[in-house]
Amino acid sequence: MLIATQKRKENIAEYLLYMWQVEDMIRACQCDDEKIEQLLVARFRGMEGIGDKQIQEIETWYLNLRNMMLQEGKREKGHLQINENILIDLTDLHLRLLKNGHDAIYTSAFYSTLPIIVELRSKEGAETVGELETCFLALYGVLMLRLRHKEIGKETLIAVQQISKFLAQLAEKYRQWKNGELKLDEE
């Protein structure tokens, strides 16, 4: 909860990846209250500046997410609607930025990333997802490989670097948009 709150304010792309990881951690706990407490909440106990009230808020946050996952049928796989909504917002902003055409740096970053997206999508199975979700899936996949201390190929690292640069620009545009600092023509 603490990390999520900070990431949501600072970088929506990092927030979304973090929330996907939280979903997977809840799944790893088999959506069980006791396991969530032992494996996810307990690590915050004894941390400097975190009292009993915050521990209770953290536990409630994890359990609320777990409840949403169960209600939405996401126990085994998939993403919560709240996270899907962020991806929808990002896609909307992305398309508006491209249509607007006033941000050459953003447009260039996207078109520099597009060949990577096309290649990744060609490697996907029957379930094709949108361009941004393809980018997020690539970053999340590499994150999971790193957490498992698996080797990552040079080409993959180069691709992920490009995707990261592109999503960082989108995240900054999102922050500006949400703060009212970025106006698009149709607003």
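Quantities reported herein were computed from a predicted structural model and do not represent experimental measurements. (Residues numbered from 1 in each chain as written. Predicted model: local features only at pLDDT ≥ 70, side-chain atom pairs only at ≥ 80, totals over all residues. Heavy atoms only, no water.)

So, on to the environment of leucine 65. Along the polypeptide, leucine 65 turns up in helix α4 (residues 52–71). Spatially, the C-alpha atoms of leucine 65 and valine 22 are 8.8 Å apart, while their sequence positions differ by 43 residues. Apart from residues no more than four positions distant in its own chain, leucine 65 is found in contact with Met19, Val22, Ile26, Leu80 and Ile82. (Helix = DSSP H or I, 4+ residues; strand = E, 2+ residues; numbered from the N terminus. Contact = heavy atoms within 4.5 Å.)

Further remarks concern the packing of aromatic side chains. Taken as a whole, this structure holds seven aromatic pairs when the rule is applied. With a centroid separation of 5.8 Å and 80 degrees between ring planes, the pair formed by tryptophan 20 and tyrosine 140 is classed as edge-to-face. Taken together, the residues tryptophan 20 in helix α2 (residues 12–28) and tyrosine 140 in helix α7 (residues 131–147) connect sequence positions 120 residues apart. Grouped by ring-pair contacts, the aromatic residues Tyr106, Phe110, Tyr111 and Phe166 constitute a single cluster. The positively charged end of lysine 178 is found above the aromatic ring belonging to tryptophan 177, 5.1 Å away from the centroid. (Phe/Tyr/Trp six-rings, centres within 6.5 Å; stacked < 30°, edge-to-face > 60°. Lys NZ or Arg CZ within 6 Å of the ring centre and 35° of its normal.)

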